[in-house]
Amino acid sequence: MHVGERRFMSDPPMPDPLISSDKSILKALRGEAQARPPIWVMRQAGRYLPEYRELRQRAPDFVSFCLTPEMAAEATLQPLRRFELSAAILFADILLIPMAMGCDLRFVKGEGPKLSPVRDRASVDALTTDTVSRTLAPVTETVARVKEQLEGDVALIGFAGAPWTVATYMIEGEGSRDQWAARVFAYEDPESFGRLMTMLSAATAEYLVMQAEAGAEVLKIFDSWASGLTEDLFQRAVIEPTADIVRQVRAAGVDVPIIGFPRGAGPAIPRYVRETGVTAVALDQSVPLNWARENVQPLAPVQGNLDNALLRAGGPAMDAAIDAIVEAFAGGGHVFNLGHGITPETPIENMARLVNRVRHG
Ligand code: 1CP
């Protein structure tokens, strides 16, 4: 049985899978209001699922896991077998781009990612965009494999990290609480920083185009560390590189919707939407619903924004928050999601309850 088949057995006429524009997430991303919003969940493939942990154990390391199409496709499809989600998100990682540009990348158990740090002009100049398509070719094979197995209303989302968020890991050499080294570098050596943004934008655009050409129907750009920036740095590090990517993707003839996720950008979100050219914007849980309905949704469809802690907590508090989000955004384009990724300790029952409530009320 194909993934996604089960849920349509009792439904009246099965939507033609070839008419992809009829998928509910694509309608939402065109700004169409729907009786119930489509839903997918950030990090829906991940450690809260026992079958993911089992699969993960079979890979020698996380990078090989991402670059083995058979395994990555399986991880992508796992959550679709359990829940009535409206989209699958490619299983990969935002840090494959720096790796493909020549940085050493390792994931250390319990510590997260480690990269060879980029801290000066020489290390920026040592990077290359020439090897991106070759190194990341397995990801396009994953996209094609997943696409082949999706049916009905389920769309496939491809993604990449935004240049700023990816650069924070490259400059720091690992994850960081406040992106200190990256912020200092951007002020201390704006020219090298600008060059790094330009190279990352080009590599990321190429990678997103590869994913769309292989079958991704939506693209998402994760700027997970877009909070806490000055107006100047937000412009140079978030808006301009993202606008650059959108321009390059469109210039390559790719017209699929692009969701931007400037996490923590707050009052700068409307400017982000207007100036980057993204199709839709993902909201983190700190964005007030009424404010977003009045100031963001008229500009672009929105995605979000249940607190992942409410998903962990479950129960009536979660139900009430789900209903408030659905109601707030019911008048326009809305894709239901969390404000950030599902955490490993979240009970599977809470995820099932969330999806069921969003889809069926
Ligand atoms: O199995 C494991 O233990 C590895 C954990 C893991 C997973 C499941 C990592 C390491 N990456 C991923 C997959 C992943 N990463 C996806 C797959 C699709 C899905 O959502 O199901 C996606 C979209 C990402 C994107 C990603 N990676 C982001 C942006 C989104 C976000 O959560 O903010 C970031 C910041 C990363 C970096 C990263 N990858 C992994 C780790 C441990 C980290 C560091 C996170 C941090 O600094 O807090």
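Provided above is the structure to which this section pertains.
Residues numbered from 1 in each chain as written. Predicted model: local features only at pLDDT ≥ 70, side-chain atom pairs only at ≥ 80, totals over all residues. Heavy atoms only, no water.

**Focus on the pairing of strand β9 (residues 334-338)**
With respect to burial, β9 is a largely interior element, five of its five residues being buried. Taking every second residue as pointing to the same face, both faces of β9 are buried, with H334, F336 and L338 on one and V335 and N337 on the other. (Buried < 20%, exposed > 50% of the residue type's maximum accessible area, 1.4 Å probe, protein only. Helix = DSSP H or I, 4+ residues; strand = E, 2+ residues; numbered from the N terminus.)

**A short note on the packing of helix α4 (residues 69-82) against helix α8 (residues 137-149)**
Two elements in contact, α4 and α8, have axes whose closest approach is 8 Å; the angle formed by their N-to-C orientations is 45°. Here α4 lies oblique to α8, going by the angle between them. As α4 packs across α8, the resulting crossing turns out to be right-handed. Across the interface between the two elements, P69, E70, A72, A73, T76 and L77 from α4 touch P138, E141, T142, R145, V146 and Q149 from α8. Considering only residue class, the contact of α4 with α8 consists of six nonpolar, three polar and three charged. (Axes fitted to C-alpha atoms, helices over the stretch in contact; angles between N-to-C directions. Parallel < 35°, antiparallel > 145°, perpendicular 65-115°, else oblique. Left-handed = near helix turned anticlockwise from the far one by under 90°. Contact = heavy atoms within 4.5 Å. Nonpolar A, V, L, I, M, F, W, Y, C, P; charged D, E, K, R; others polar.)

**Notes on the state of the cysteines**
Within the structure shown, the criterion is met by zero disulfides. Here C66 stays unpaired: no disulfide links it, and the sulfur of C103, its closest cysteine neighbor, is 16 Å away. Under the relative-accessibility criterion, C103 is labelled buried at 5%. (Disulfide = S-S within 2.5 Å.)

**Some thoughts on the site of the ligand**
In the vicinity of the ligand, 21 residues are found, and the nearest of them are Y52, D93, Y169, S224 and H340. The contact in question runs from an oxygen atom of the ligand to an N or O atom on the side chain of Y169, over 2.6 Å. Alone, the ligand offers 890 Å² of accessible surface; in the complex the protein occludes 84% of this. Classifying every residue of the shell around the ligand gives 14 nonpolar, three polar and four charged. (Near = heavy atom within 4 Å. Polar contact = N/O pair within 3.5 Å; in protein donor to acceptor, adjacent residues only side chain to side chain. Areas by Shrake-Rupley, 256 points an atom, 1.4 Å probe, with all protein chains shown as cover.)

**A word on helix α11 (residues 190-214)**
Because each turn of an α-helix spans 3.6 residues, side chains separated by three or four positions end up pointing in the same direction. Counted at 1.5 Å a residue, the expected span for α11 with its 25 residues is 36 Å, and the 36 Å between its end C-alpha atoms agrees. Downstream of α11 by a residue or two, G215 has a phi angle that is positive, lying close to 130°. (Expected span 1.5 Å × (residues − 1).)

**Concerning the layout of surface pockets**
Of the pockets and cavities examined, the largest pocket occupies roughly 1,600 Å³. As for the largest pocket, its lining consists of 44 residues, and the residues nearest its centre are R43, R47, F62, D93 and F107. Sorting the residues of the lining of the largest pocket by element identifies α2 (50-57), β2 (105-108), β3 (112-115) and α9 (163-172) as the ones contributing at least two each. Among the elements that make up the lining of the largest pocket, the one with the highest residue count is α2 (four residues). Considered class by class, the residues forming the lining of the largest pocket number 23 nonpolar, 12 polar and nine charged. (1 Å grid on protein atoms, 1.4 Å probe; cavity = no way out; pocket = protein on both sides within 12 Å on 5 of 7 lines; lining within 4 Å. Points joined across faces, edges and corners; volume = space filled by probe spheres on them.)

**Digging into the pattern of salt bridges**
Counted according to the given criterion, the structure contains 17 salt bridges. Put simply, R30 and E32 hold a salt bridge, and the shortest N to O gap is 3.0 Å. With a closest N to O distance of 3.1 Å, K114 and E111 form a salt bridge. Residues joined in a network through salt bridges with shared partners are R121, D125, E191 and R195. (Salt bridge = Lys/Arg side-chain N within 4 Å of Asp/Glu carboxyl O.)

**So, the side chain of K114**
Within the secondary structure, K114 sits in strand β3. A distance of 2.7 Å separates the side chain of K114 from the side chain of E174, its partner in a polar contact. Those residues in contact with K114, other than ones at most four positions away along the chain, are D104, L105, R106, V108, G173 and E174.

**Describing the pairing of β3**
Pairing of β2 with β3, which is carried by four bridges, proceeds in the antiparallel orientation. Counterpart to L105 in the pairing with β3 is L115. Where β2 hands over to β3, the hairpin turn is made up of three residues, of which G110 adopts a positive phi near 80°. (Pairing = 2+ DSSP bridges.)

**What about the environment of L338?**
Along the polypeptide, L338 turns up in strand β9. Taking the C-alpha atoms as reference, L338 lies 18 Å from D93; in sequence the two are 245 residues apart. Those residues in contact with L338, other than ones at most four positions away along the chain, are V41, M42, L283, G304, N305, L306, N308, L311 and L354.

**A few points about the packing of aromatic side chains**
Applying the stated criterion across every chain yields a total of nine aromatic pairs. Residues Y52 and F91 carry aromatic rings whose centres are separated by 5.6 Å and whose planes lie at 50° to one another, so their mutual orientation is tilted. Of this pair, Y52 sits in helix α2 while F91 sits in the loop between β1 (87-89) and α5 (96-100), and the two are 39 residues apart along the sequence. On the accessibility criterion, Y52 (5% relative accessible area) is buried. Taking the relative accessible area as the measure of exposure, F91 reaches 8% and is therefore buried. Three or more aromatic residues joined by ring pairs make a cluster, and in this case those are Y52, F62, F65, F91 and F107. If you follow K220 out to its NZ or CZ, it ends over the ring of F261, 4.6 Å from the centre. (Phe/Tyr/Trp six-rings, centres within 6.5 Å; stacked < 30°, edge-to-face > 60°. Lys NZ or Arg CZ within 6 Å of the ring centre and 35° of its normal.)

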